[in-house]
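# Summary of the model geometry
So you can see what is in the structure, the chains are spelled out below.
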Amino acid sequence: MTQAAIDNSDILAVAREQVLERGEGLNKDQVLAVLELPEDRLDELLELAHEVRMRWNGPEVDVEGIISLKTGGCPEDCHFCSQSGLFASPVRSAWLDIDNLVESAKQTAKSGATEFCIVAAVRGPDERLMSQLAAGIEAIRSEVDIQIAASLGMLTQDQVNRLAEMGVHRYNHNLETARSHFPNVVTTHTWEERWETLTMVRDAGIEMCCGGILGMGETLEQRAEFAVELAELNPDEVPLNFLNPRPGTPLADAELVPVAEALTAIAAFRLALPRTMLRFSGGREITLGDLGAKRGLLGGINAVIVGNYLTTLGRSIDDDLEMLDELQMPLKAFNASL
């Protein structure tokens, strides 16, 4: 038995008082104790995580769509990503034109989504990309009433300021994994560089979206480390992905996270981040299936990405909306004042 398990012999009782009643997230040892709970306590754990979600976030579910403005050809070596130009992966470099960007935003808004995220596979944006983004945002705003987020890699202070001027509502830049595990996943830039971009974004008043991917060879201790690192950053949103191994990448042969382990991780992240939007993202379909996804939504998740992801297929938008309706989970309404 680990020290975490010894110190938190009844970790769910501790979490009920600390997280549910006071709204204070679990620390690293406490998160680890949750991650190490036996499977026969999973239902109890998910029920508590759902109570925490309802207490501190309410019943509404935030729905978001994403689109890639610039796909493939990225110079970085993120071992999970088929958009890297360094791997023998099937994704090749391509740009999306403004008309298709606007049409994607329209379709996303029709689904009931409140957020549309524009993503580019780059280390950081050059002037061409910044200009393309500005033109795309202007075109979308002229036809669609939806909040716009962006994910363009690492930024300079000037670029952060320009995004704020464009009216970017939220910026996504994932830490991906625990600081101690990051060098095993990415070698062309550092975890600290990502943290610096996120700090600038937060200080500029742009909402921060920061999460990562589970199932990249990290230990349970490193998952606990990652959860509390995110809590320290205090993001507005945490997208929780599960690795969907991509052909040609260094993690192509990685095993999927088992369902019970994935659900335990979802609940543990909710207990570490009680007041944060926790979003179902990539890999949930292949890892959890329909039944597991429903249990996740009843175990701490309060936001979803609908439709396809950047390089992998997701569930249809209609299927996701039907699932939310079946669970009697209302969609978060768009607030144009945000």
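Please refer to the structure placed before this passage.
Here, residues in each chain are numbered from 1, in the same order as that chain's written sequence. In keeping with the predicted nature of the model, local features appear solely for residues at pLDDT of at least 70, side-chain atom pairs appear and are counted solely at 80 or more, and the whole-chain, interface and lining totals rest on all residues. Calculated side-chain values reflect all of the structure's heavy atoms, with hydrogen atoms and water omitted.

### A look at the packing of helix 2 (residues 11-21) against helix 4 (residues 42-57)
For the pair helix 2 and helix 4, interaxial distance at closest approach is 10 Å and the crossing angle is 10°. With respect to their mutual orientation, helix 2 and helix 4 come out roughly parallel. Contact residues: Leu12, Ala15, Arg16, Val19, Leu20 and Glu21 in helix 2; Glu44, Leu45, Leu48, Glu51, Val52, Arg55 and Trp56 in helix 4. Gly counts as polar in this scheme, as do all residues outside two lists: the nonpolar Ala, Val, Leu, Ile, Met, Phe, Trp, Tyr, Cys and Pro, and the charged Asp, Glu, Lys and Arg. In the contact of helix 2 with helix 4, the residues fall into eight nonpolar, no polar and five charged. Every axis in this analysis is a line fitted to C-alpha atoms, fitted for helices over the stretch in contact. Angles between the N-to-C directions lie between 0 and 180 degrees. Put simply, DSSP marks the helices as runs of H or I at least four residues long and the strands as runs of E at least two long, and each gets a number from the N terminus on. The labels follow the angle: roughly parallel below 35 degrees, roughly antiparallel above 145, roughly perpendicular from 65 to 115, and oblique for the rest. What makes two residues a contact is simply this: any of their non-hydrogen atoms within 4.5 Å.

### Overview of the packing of helix 6 (residues 127-141) against helix 7 (residues 157-166)
Any two packed helices are characterised by how steeply their axes cross, that is the angle between the axes, and by the distance between the axes. One can describe the packing of helix 6 onto helix 7 by two numbers: an axis separation of 11 Å at closest approach and a directional angle of 10°. By the angle class used here, helix 6 and helix 7 are roughly parallel. Where helix 6 crosses over helix 7, the two elements pack in a sense that is right-handed. Residues Glu127, Met130, Leu133, Ala134, Ile137 and Arg141 of helix 6 pack against Gln159, Arg162, Leu163 and Met166 of helix 7. Tallied by class, the residues present in the contact of helix 6 with helix 7 amount to six nonpolar, one polar and three charged. Each crossing gets its hand from how the near helix is turned against the far one by less than a right angle, where anticlockwise is left-handed and clockwise is right-handed.

### Examining the environment of Ala150
Structurally, Ala150 can be placed in strand 4 (residues 147-151). Residues Ala150 and Arg170, 20 residues apart in the sequence, show an inter-C-alpha distance of 6.6 Å. Discounting residues that sit within four places of it in the chain, Ala150 has contacts with Cys117, Ile118, Leu133, Val168, Arg170, Tyr171 and Asn172.

### Let's talk about the packing of aromatic side chains
How two aromatic rings sit relative to each other is set out by the distance from centre to centre and by the angle between their planes. For this analysis, a ring pair means two rings from Phe, Tyr or Trp (six-membered ring only for Trp) whose centres lie within 6.5 Å, classed as stacked if their planes differ by under 30 degrees, edge-to-face if by over 60, and tilted for the remaining angles. Within this structure, the stated rule accounts for two aromatic pairs. Taking 5.1 Å as the distance between ring centres and 25° as the angle between the ring planes, the aromatic pair formed by Trp191 and Trp195 counts as stacked. One end of the pair, Trp191, and the other, Trp195, are both in helix 8 (residues 191-203), four residues apart, so they sit about a helical turn from each other. Think of it in three bands: residues with accessible area under 20% of the maximum for their type are buried, residues over 50% are exposed, and the middle band is partly exposed, with areas taken using a 1.4 Å probe on protein chains only. For Trp191, a relative accessible area of 5% corresponds to the buried category.

### Notes on a negative patch on the surface
Patch building starts from residues that exceed 30% relative accessible area and form no salt bridge, then joins like charges within 9 Å and nonpolar side chains (Val, Leu, Ile, Met, Phe, Trp, Tyr) within 5 Å. The Shrake-Rupley method, run with a 1.4 Å probe sphere, supplies the accessible areas, and residue values consider only the shown protein chains as cover. Basic side-chain nitrogens of Lys or Arg form a salt bridge, by our definition, when they fall within 4 Å of a carboxyl oxygen of Asp or Glu. Charged-residue counts in this description rest on Lys and Arg as positive and Asp and Glu as negative, His and the chain ends being excluded. Throughout, a charge is located at the NZ atom of Lys, the CZ atom of Arg, the CG atom of Asp or the CD atom of Glu. On the surface, Asp318, Asp319, Glu322 and Asp325 cluster together into a patch of negative charge. Checked against the element boundaries, Asp318 lands in helix 12 (residues 317-326). On the basis of relative accessible area, Asp318 is assigned to the exposed category, the value being 59%.

That is the geometry; function is a separate question.
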